[in-house]
Amino acid sequence: MAQGGAQLDPRKFSCSICLDLMEDPVTVPCGHSYCSNCIQRHWDEEQNKGLYSCPLCGDKSWRRPDLKKNIVLAELVEDLKKSGLQAAAADLCFAGSEDVACDVCSGRKLKAVKSCLVCVASYCEEHLQRHNEVVPMKKHQLVEPSKNLQETVCSLHDEVKNIFCRTDQQCICYLCAMDQHRGHETVPAAAERRQKQKELEGSRLNIQQRIQEREEDVKLLQQQMFAINVSADEAVEHSEESFTQMIRLLQNRSLEVKRQLRSQQQTAVSGLKELEEKLQQEIAELKRKDVQLEQLAHTEDHTQFLHSYTSVSALSEPTHSSSIQTAPLRHFEDVAAAVSESRDKLQNILRETEEELLLLQPQPESRADFLQYSQQITLDPNSVNLKLKLSDGDRKVTYTKEVQPYSDHPDRFTGYSQVVSRESLTEHSYWEVERRGGATVAVTYKNISRVGIGNECGFGRNDKSWALLCGFNSFNFYHNNIQTPISGPQSSRVGVYLDYRAGILSFYSISETMTLLHRVQTTFTQPLHAGVHLYYPGDSVELLKPE
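The rules we used
Residues numbered from 1 in each chain as written. Predicted model: local features only at pLDDT ≥ 70, side-chain atom pairs only at ≥ 80, totals over all residues. Heavy atoms only, no water. Helix = DSSP H or I, 4+ residues; strand = E, 2+ residues; numbered from the N terminus. Rg over C-alpha atoms; globule rule 2.2 N^0.38 Å. Buried < 20%, exposed > 50% of the residue type's maximum accessible area, 1.4 Å probe, protein only. Areas by Shrake-Rupley, 256 points an atom, 1.4 Å probe, with all protein chains shown as cover. Lys, Arg positive; Asp, Glu negative; His and termini not counted. Charge placed at Lys NZ, Arg CZ, Asp CG, Glu CD. Pairing = 2+ DSSP bridges. Axes fitted to C-alpha atoms, helices over the stretch in contact; angles between N-to-C directions. Core = buried A, V, L, I, M, F, W, Y, C linked by side-chain atoms within 4.5 Å. Domains from an automatic or database assignment. Salt bridge = Lys/Arg side-chain N within 4 Å of Asp/Glu carboxyl O. UniProt positions renumbered as here; feature names shortened; annotations may be inferred. Expected span 1.5 Å × (residues − 1). Contact = heavy atoms within 4.5 Å. Patch = residues over 30% accessible without salt bridge, like charges linked within 9 Å, V, L, I, M, F, W, Y side chains within 5 Å. Disulfide = S-S within 2.5 Å. Phe/Tyr/Trp six-rings, centres within 6.5 Å; stacked < 30°, edge-to-face > 60°. Lys NZ or Arg CZ within 6 Å of the ring centre and 35° of its normal.

Engineer: How do you make sense of the overall build of the protein when you look at a structure like this?
Structural biologist: When helices and strands are tallied, the protein shows eleven helices and 24 strands. Compactness check: the protein gives a C-alpha radius of gyration of 53 Å against a globular reference of 24 Å for 547 residues, more than 25% above the reference. Summarising its shape, the C-alpha atoms of the protein cover approximately 180 × 80 × 50 Å along the three principal directions. The buried share of the protein, taken over its 547 residues, is 29%. When the accessible area of the protein is evaluated, it comes to approximately 35,400 Å², of which 51% is carbon and sulfur surface. Here the protein contributes 62 positive and 76 negative side-chain charges, whose respective centroids are spaced 7 Å apart.

In structure tokens, the structure reads:
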């Protein structure tokens, strides 16, 4: 039995409900067979309708049919299972939910192998034979199985869309061309396809060229990254080696200076100790002489006095003390000063190295990059000139004809119509101002002079401030009373960027684009504040809130 079963088609022993080899096969009155559980579930679902049908042929019964086990079929199925064909049966050519089904097959449908654009139908291998045998059907256009065949058929006329309307850029049928699209530019769909195919090939060539260009760009970027990595690794290695050598030199020099200082100290102290011992000996001898002379002075016998006077009054040669200095030795202080000077030089070198490293850091490029450093700034009422009026939470300043009732304060600008920010600027700061009329936008040290109209008070007129004068048709930059004309697009909005540690100060014209007007590279030594200078009544500047 098993031998004969191996020659049988496993598809004939599959349940058309579960699509698997039948399990406990039963036969319904019409003769079709199913898994016992599958047909029972099917009829349970139909029970409310009062009709019981065969899933394959549709044979109906008002009464639920009795099921009989198909013994022969059950044995054949078991033989198939034992012969190892169950896996093959699970991989049958029946159409699943993701497959295109043959439109001709009845009952359980097989997978379609081709779709016909003329017939608007899909066919399995068996039902496709007529297209290979019948001469007129050999001319039909066969394509890979498609679930979207209905898109090729006109929904109004049920005709194949084999014409392309260039006017409306859509596929139509020949009836549409004579009706809704009459007078339009139409061509056969195949002709339009050929033209579009050429365009597609041109697009592909363009895309492939761009891919090649981008791949070349990627290669260049990779080469640049490789070069950067190699250069950085070499710089790190060289720097570590240089710093190691410098540390070793400093340690050796420190030990040598210490050794020489201690040696000179020992020599100097040793000589002084020797002199000190001689002086102490002389002092002791003089004290003994003083006692002898005192005793001699009290001798009453004149003869004895005169006899002893010569020997007692004789003094030894005094110790030479010209090497004793009244002022402290300068030698060691000079060495300490020289070491301090070397330290200062090293600090300057290290500071220059740090500045070089800061310059290597990437600077913001787009406005979005700058806005991440936005700082909320308000103007200081204690510094504002009496002709300037603050408003909008001290974010806007306007030049007025009337004197404002501000109280006296030592920080107030008395001559120039200027004001500085209440807050000091952070290490990275970006802010924007909207101006009406002429104005100067500045940054300044807080200790700028406030009284009078001398250059020491005006923004950009001294070495304590940097200022961009925004005129009606021009820009000018001022620092230390040196004017630098600036060319750039006029705008009412100006952006200012500060990188304090790198010593970078930049001014930008802000409109639809962001244009650099002027950049300063310097070294800042004190905290900075934002500043504004107005010139004529009605002019105003507003510090915009970060967006």
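Engineer: How should the sheet that holds strand 9 (residues 163-165) be read in this particular structure?
Structural biologist: The strands making up a sheet associate through backbone hydrogen bonding, with each pair oriented either parallel or antiparallel. A sheet is described by the order of its strands in space; here three strands give the open sequence 10-9-11, paired in antiparallel fashion. Every other strand in the sheet has two partners, leaving strand 10 (170-172) and strand 11 (186-188) as the edge strands with one partner each. Across the sheet, the mean angle from the axis of one strand to that of its neighbour is 35°, orientation sign disregarded. Examined bridge by bridge, strand 9 and strand 11 share three bridges and lie antiparallel to one another. Across the sheet, residue Cys-165 finds its bridge partner in strand 11, namely Thr-186.

Engineer: So what exactly am I meant to see when it comes to the nonpolar core here?
Structural biologist: Soluble globular proteins tend to bury their nonpolar side chains together. Core analysis: the biggest nonpolar cluster contains 35 residues, and Val-397, Trp-466 and Leu-505 have the highest contact counts within it. By size, the runner-up hydrophobic cluster in this structure holds 17 residues, among which are Cys-15, Ile-39, Cys-54 and Leu-76.

Engineer: In this structure, what is going on with the domain arrangement of the protein? I would like to understand it.
Structural biologist: As assigned here, the protein comprises domain 1 (10-92), domain 2 (205-313) and domain 3 (367-543). Each of domain 2 and domain 3 was reduced to a C-alpha centroid, and the two centroids are 52 Å apart.

Engineer: Even after reading the chapter, I still don't get the pattern of salt bridges, so can you show me in this structure?
Structural biologist: Side chains bearing opposite charge may pair, as long as their charged atoms lie close to each other. Evaluation of the coordinates by the stated rule reveals 16 salt bridges. Residue Lys-114 pairs with Glu-144 through a salt bridge whose shortest N-O separation is 3.1 Å. In this pair, Lys-114 is assigned in strand 6 (residues 114-116) and Glu-144 in the loop between strand 8 (142-143) and strand 9, connecting sequence segments 30 residues apart. For Lys-114, a relative accessible area of 26% gives the class partly exposed. Take Glu-144: its relative accessible area is 54%, and that puts it in the exposed class. For Arg-166, the salt bridge is made with Glu-192, and the minimal N-O distance between the two is 2.7 Å. Highlighted residues: Arg-166 in the loop between strand 9 and strand 10 and Glu-192 in helix 8 (residues 189-297), separated in sequence by 26 residues. Classification of Arg-166 by relative accessible area gives partly exposed; the value is 24%. The network of salt bridges with common partners includes Arg-166, Glu-185, Glu-192 and Lys-196.

Engineer: Can you help me understand the sheet that holds strand 22 (residues 514-521) in this one?
Structural biologist: Across the sheet, which stays open at both edges, the seven strands sit in the order 12-13-24-15-20-21-22 with antiparallel pairing between neighbours. Where the open sheet ends on each side, the last strands, each with one partner, are strand 12 (388-391) and strand 22. Going across the sheet, the axis of each strand differs from the next one's by a mean of 20°, ignoring polarity. Pairing analysis gives seven bridges linking strand 21 (residues 504-510) to strand 22, with the strands arranged antiparallel.

Engineer: So what exactly am I meant to see when it comes to the UniProt feature "domain: B box-type" (unreviewed entry) in the protein here?
Structural biologist: Following the UniProt record, the feature "domain: B box-type" (unreviewed entry) maps to residues 149-189 here. For residues 149-189, the end-to-end C-alpha separation is 15 Å, with 15% helix and 22% strand making up the annotated structure.

Engineer: Explain the environment of Lys-401 here, please?
Structural biologist: For Lys-401, the position within the fold is in the loop between strand 13 (396-399) and strand 14 (418-424). With relative accessibility at 71%, the residue Lys-401 sits in the exposed group.

Engineer: Can you walk me through helix 8 in this structure?
Structural biologist: A turn of α-helix holds 3.6 residues, and therefore any two residues three or four places apart point the same way. Across its 109 residues, helix 8 extends 152 Å between first and last C-alpha, which sits within 8% of the 162 Å expected from 1.5 Å per residue. Among the residues of helix 8, those classed as buried are Glu-192, Leu-275, Glu-282, Lys-289 and Leu-296. For helix 8, the secondary structure elements touched by its buried residues are strand 9, strand 11 and helix 9 (302-313).

Engineer: Would you explain a negative patch on the surface in this entry?
Structural biologist: A cluster of like negative charges, contributed by Asp-233, Glu-234, Glu-237, Glu-240 and Glu-241, occupies part of the molecular surface. By the secondary structure assignment, Glu-241 is in helix 8.

Engineer: Would you mind showing me how to read the pairing of strand 21 here?
Structural biologist: Every regular strand shows the same layout, with side chains that alternate between the two sheet faces. Most of strand 21 sits inside the fold, with seven of its seven residues counted as buried. Direction of pairing for strand 20 (residues 493-499) relative to strand 21: antiparallel, over a ladder of seven bridges. Directly across from Tyr-497, in strand 21, lies its bridge partner Ser-506. Between strand 20 and strand 21, which pair antiparallel and follow one another directly, the connecting turn spans four residues, one of which, Gly-503, has a positive phi of 70°.

Engineer: Teacher, can you tell me more about the state of the cysteines here?
Structural biologist: By definition, a disulfide links the sulfur atoms of two cysteines through a covalent bond. Under the definition given, this model contains zero disulfides. Just so you know, Cys-119 is unpaired, no disulfide at all, and the nearest cysteine sulfur is the one on Cys-116, 3.5 Å from it. With a relative accessible area of 28%, Cys-119 lands in the partly exposed category. Left without a disulfide partner, Cys-171 is nearest to the cysteine sulfur of Cys-165, which lies 9.9 Å away.

Engineer: Looking at this structure, how should I read the packing of aromatic side chains?
Structural biologist: The final tally for this structure, using the stated rule, is eleven aromatic pairs. Here Phe-370 and Tyr-430 contribute two aromatic rings whose centre-to-centre distance is 5.3 Å and whose plane-to-plane angle is 40°, an arrangement assigned as tilted. Of this pair, Phe-370 sits in helix 11 (residues 367-371) while Tyr-430 sits in strand 15 (residues 428-436); the two residues are 60 residues apart in sequence, bridging distant segments of the chain. Phe-370 gets classed as buried once you look at its relative accessible area, which sits at 1%. Three or more aromatic residues link up through ring pairs in this structure, and these residues are Phe-370, Tyr-373, Tyr-430, Tyr-497 and Tyr-508. One Lys or Arg, Arg-461, reaches over the ring of Tyr-478 and ends 4.7 Å from the middle of that ring.

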